[in-house]
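Chain by chain, the residues:
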Amino acid sequence: MVRLRKLALCAPLLVALALVGCASDGGGIQSQKLNGVKSRGKLLCGVDGKLPGFSFVSPDGSYSGLDVDVCRAVAAATLGDPSKVEFRDLNSSERFAALASGEIDLLSRNTTYTLSRDASGGNGLSFAPTVFYDGQGVMAPKAAGINSLKDLAGKPICVESGTTTELNLADRMREIKATYTPLKFQTGDQTYAAYLQGRCVAVTSDRSQLAAKRTSFPDPAGHVLLPEVLSKEPLTPVTVNADPGWADAVRWTIYGLMQAEELGITQANIDAKVAEAKANPNQADLRRFLGVEGDFGKQLGLPADFVVQAVKAVGNYGELFERNVGQGSKLKLERGLNRQWSDGGLIYSPPFR
Amino acid sequence: MTVPSLTFSRLRRELFATPVDSVITLALLGFLLAVGTAFLRWVLFQAQWAVIQANTTLFAVGRYPIEQQWRLWLLTGLLAAASGLCWGLLRGRGTWPRNDQLAAGILIALAVIGSWALKLELPIQLRWWGITALLLMVRWAAGRWSQALPAPLLRLVPLVWPVLYLVGMVLISGGLGLMRVPPGEWGGLLLTLLEASFAILLCFPLGILLALGRRSELPLLRWGSVVYIEFIRGAPLITLLFLGQNILGFLLPGGLAPDRVWRAAWVLTFFAAAYVAEAVRSGLVALPPGQLEAARSLGLPMHQALIHVVLPQALRVALPATVGQFITLLQDTTLLSLIGLLDLLGTARTVMANPEFLGKNAEVYLVLAVLFWCCCAALGLGSRALETRLNPLATSKA
């Protein structure tokens, strides 16, 4: 009897050992998540769903936006079909729980990359490359003649209460020793309404959001973003920490989009580029990048042509940016920090080697 | 009691009795007129309704696949036919009282003006006209020939609704040879009405059981009901919704947990049941204990005494409070947008995030308010009609 109980206690251990054994003798990639996505035939992707330019539902019922296109690129890379994504709208308080419980495979929801979210002792998440470098900014009417944060000393500033935005503003104003009157509001709508009524001379929020809101103002050209950036908000897709194989697949898919822009490969010319690579054995870099030779895909547990599939689906990083939030959209955001490193920005893909 | 009719002389007597009265009346009239014209000017000239016109499908059914939407049209048609049938049978004798003429007029106006104002495509406009015509024709036919139908058949008519509900569920979700449409793709008004009707239908019997349990003499049952009711009433709905969404995912392994839409529906049901239980209990308390004692002394077993004597009277008393709870429940479905479901409000928020329609919040929220008002008004009207019908004095008069 006693022996039986001991055996029962050991049983989970034996099972665990057996699982470890299985995991190690495959040799290739044994990512539970990646295999799960492949066997399901569908990627479960968490998005905000209500953020201009990043994720929203179009009148025809399809999801659109920058965050959404990241999901589609990953689906195209893993499953060969950008339409095999199921989107979940998540709010900011439930997003990490949904990821941890496995309800979603990938969180692409304008999430700021921070230490406490990354650390195992914190949220224990695994961050992919940043797809949008945002930062807190300040907007003021052109007519007010305000050119920098210093000019705001002694003036009222509209801010949403209970946000990090409010705290960042207080910190920065203290640093430059400027007093100001914060006018706090519960919701974004109230904040901008007060700003438009002239109850404050400036309003602060993430720069992308300020620019998005500005397009809905009666006179968009009459408002300027001040040059100061009050905080760093690198918005980054996220996966769980426990599955490095899956995190790698997501990471290199996104790097693939960035590298494609650097190499001048676009949605329009990708087929020509593949043909060119196939015809010319001397272009080893291009051939490896597009999966014509080498085994980059296999090393990640992805098809050899995963970059080709991703670029075909959503275009390279630059196209994706311009279409959703840049000059091709109503938001008309500048590339700014989101330019390629070769143009002085922060978008930098490590080498595909 | 007779309500004095509204005549010009009476208006004059009451509103312009003294100079002070006249000034107040004129000031209020002027204020109302100013607000009214400003509002009308905004609605007619300033508001940009393209945001609604472009997204009608999204507001109505969310991301329901386009090639499967015929199922929803079929369901709407069936609902219209059933409504017409019951309407006609309730009136009987083929008459059209003034209220009915008014209702028919409003329905026709809605179908014609509504679909024109929303700039619906012609085939969709035609479908709305067809559905309205179907409703009115069935109403006419049922009223015309209600006398000719055999009585046993007439008794079966109320069964149309539960059967239609089940048919509707199959049509919406698929199965039985139809392509499955996962709940994640339901949205808009469809999802709002579905969640609300599901919760309303289930919370009512659950609430009655809880109310009876709370007055039971078995301690375990009584305390169980008390703890449940007080726990639910002590927690805000939004926290329970979050619990339902987040905890279930951890407790049950992936795939076993019911879909998010159903999780929310069950949470709404369990939440509303506690409040309905208290409404029903108020009806039970209002009933003199002699009713139950008399029924028991006649030799009725407990359950029969409850079903045939106590509950019919208690529920009639509790009806207004219960319907109030249902209306609240319908409005509470807007909280689903906070847990990421694309109900009517969730759809509205995602539409407003479309860079094409940024800043069109006022238009969207106004349409939402009108839609919710219509749904709640329908519930309220139905409940008042039911009250008159259940009123023992009124039925004896008829």
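Just so you know, these numbers come straight off a predicted model, no measurement behind them.

Caption draft 1: Representation of the overall build of chain A in the model. Within chain A, the secondary structure is distributed over 14 helices and 14 strands. With respect to the principal axes defined by its C-alpha atoms, chain A has extents near 75 × 70 × 40 Å. Going through the 353 residues of chain A one by one, you find that 44% of them count as buried. Across chain A, contacts joining residues at least 24 apart in sequence account for 71% of those joining residues at least 6 apart.

Caption draft 2: Structural view of the overall build of chain B. A count of helical and extended segments in chain B gives 18 helices and zero strands. Among the 398 residues that make up chain B, the fraction classed as buried is 26%. Across chain B, contacts joining residues at least 24 apart in sequence account for 77% of those joining residues at least 6 apart.

Caption draft 3: Representation of the sheet that holds strand β12 (residues 223-225) of chain A. All names here are of chain A. An order of β10-β9-β11-β8-β12 is seen for the five strands of this open sheet, with the pairing classed as mixed. Bordering the open sheet on either side are β10 (181-185) and β12, each of which pairs with just one other strand. Here the average twist between neighbouring strands, direction ignored, is 30°. Strand direction decides the pairing type here: strand β8 (residues 136-141) and β12, joined by three bridges, are antiparallel. Within β12, the residue paired with M139 across the bridge is L225. Against the sheet, helix α8 (residues 207-214) makes contact with β8, β11 (202-206) and β12, and its axis sits at roughly 120° relative to β11, the strand it touches most.

Caption draft 4: Looking closely at unusual backbone geometry. Phi at K177(A) is positive, roughly 55°, even though this residue is not glycine. Inspection of the secondary structure puts K177(A) in the loop between α6 (164-175) and β10. Note on K177(A): 8 C-beta atoms within 10 Å, which makes it exposed. Positive phi, normally seen in glycine, also occurs at K119(B), with a value near 50°. As for its placement among the helices and strands, K119(B) is situated in the loop between α6 (98-117) and α7 (122-145). The class of K119(B) is partly exposed, set by 13 C-beta atoms lying within 10 Å.

Caption draft 5: Main features of the confidence of the model for chain A. Taken as a whole, chain A shows an average pLDDT of 87; of its residues, 92% reach a score of 70 or greater. Helix α1 (residues 2-25) of chain A is the least confidently modelled element of chain A, averaging 45 in pLDDT, while helix α3 (residues 66-79) of chain A averages 97, the highest of any element.

Caption draft 6: Highlighting the interface of chain A and chain B. Contact residues are listed per partner, giving 28 residues for chain A and 25 residues for chain B. When residues of the side of chain A that touches chain B are traced back to their parent elements, those giving at least two are β2 (56-57), β4 (85-89) and α4 (95-100) of chain A. Ranked by the residues each element gives to the side of chain A that touches chain B, the list is headed by β4(A), at three residues.

Caption draft 7: Seen up close, the pairing of β11(A). Residues and elements named next belong to chain A. Within β11, five of the five residues are buried, which leaves the element mostly enclosed by the surrounding structure. Pairing between strand β9 (residues 156-160) and β11: two bridges, direction parallel. Across the sheet, residue I157 finds its bridge partner in β11, namely A202.

Definitions and cut-offs
- Residues numbered from 1 in each chain as written.
- Chains lettered and ligands numbered in written order.
- Predicted model: local features only at pLDDT ≥ 70, side-chain atom pairs only at ≥ 80, totals over all residues.
- Helix = DSSP H or I, 4+ residues; strand = E, 2+ residues; numbered from the N terminus.
- Buried ≥ 20, exposed ≤ 12 C-beta atoms within 10 Å, placed from the backbone.
- Contact = placed C-beta atoms within 7 Å.
- Pairing = 2+ DSSP bridges.
- Axes fitted to C-alpha atoms, helices over the stretch in contact; angles between N-to-C directions.
- pLDDT = per-residue confidence, 0-100.

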